[in-house]
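These are the residues of each chain, in order.
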Amino acid sequence: KPPQKEATLQIIEAIAAKSPRSIGHVLVTLTMPVAELTCDIKKEVKEAATSTMSAICNCTGNKDLEPFLPFVVKAAQSLDSTHVCVEKLAGCIFVQNVE
């Protein structure tokens, strides 16, 4: 139900703000379900999912990706944006060591 989806997304976003490393460890698990909710039929759920997607994407721990994260969030919202995102990420130069 939409209120439950919204509440869950808000909890995930709050955890991302307080404990980004914890979210970073489960980012692979969280990304797909949150991305799917960015296309939800209910406006409130879609907005909460977009906000949560931004929050969890900031938990990667990789500063090299930070400029590209808005494109990742947009790609989750629309297949049309996926190509732009892939092109942007292809141009990313990784210099930071990742743990």
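Residues numbered from 1 in each chain as written. Predicted model: local features only at pLDDT ≥ 70, side-chain atom pairs only at ≥ 80, totals over all residues. Heavy atoms only, no water.

### Comments concerning the environment of I12
Selection criterion: Helical segments are the DSSP runs of H or I of at least four residues, strand segments are the runs of E of at least two, and each set is numbered from the N terminus. Only heavy atoms matter for contacts: two residues are in contact if any of them lie within 4.5 Å across the pair.
Inspection of the secondary structure assignment puts I12 in helix α1 (residues 2-18). As for I12 and M53, which are separated by 41 residues in sequence, their C-alpha atoms are 9.5 Å apart. Once residues lying within four places of it in the same chain are set aside, the contact partners of I12 are I23, L30, T52 and I56.

### Observations regarding the side chain of T52
The following threshold applies: Nitrogen and oxygen atoms within 3.5 Å of one another constitute a polar contact, given that in protein one can donate a hydrogen and the other can accept it, and given that sequence-neighbouring residues count only through two side-chain atoms.
Looking at the secondary structure, you find T52 in helix α4 (residues 43-57). At a separation of 3.0 Å, a polar atom in the side chain of T52 contacts the main-chain carbonyl oxygen of L9. A polar contact is formed between the side chain of T52 and the backbone oxygen of A48, at a distance of 2.9 Å. Residues in contact with T52, not counting those within four places in the same chain, are L9, Q10, I12, E13 and V34.

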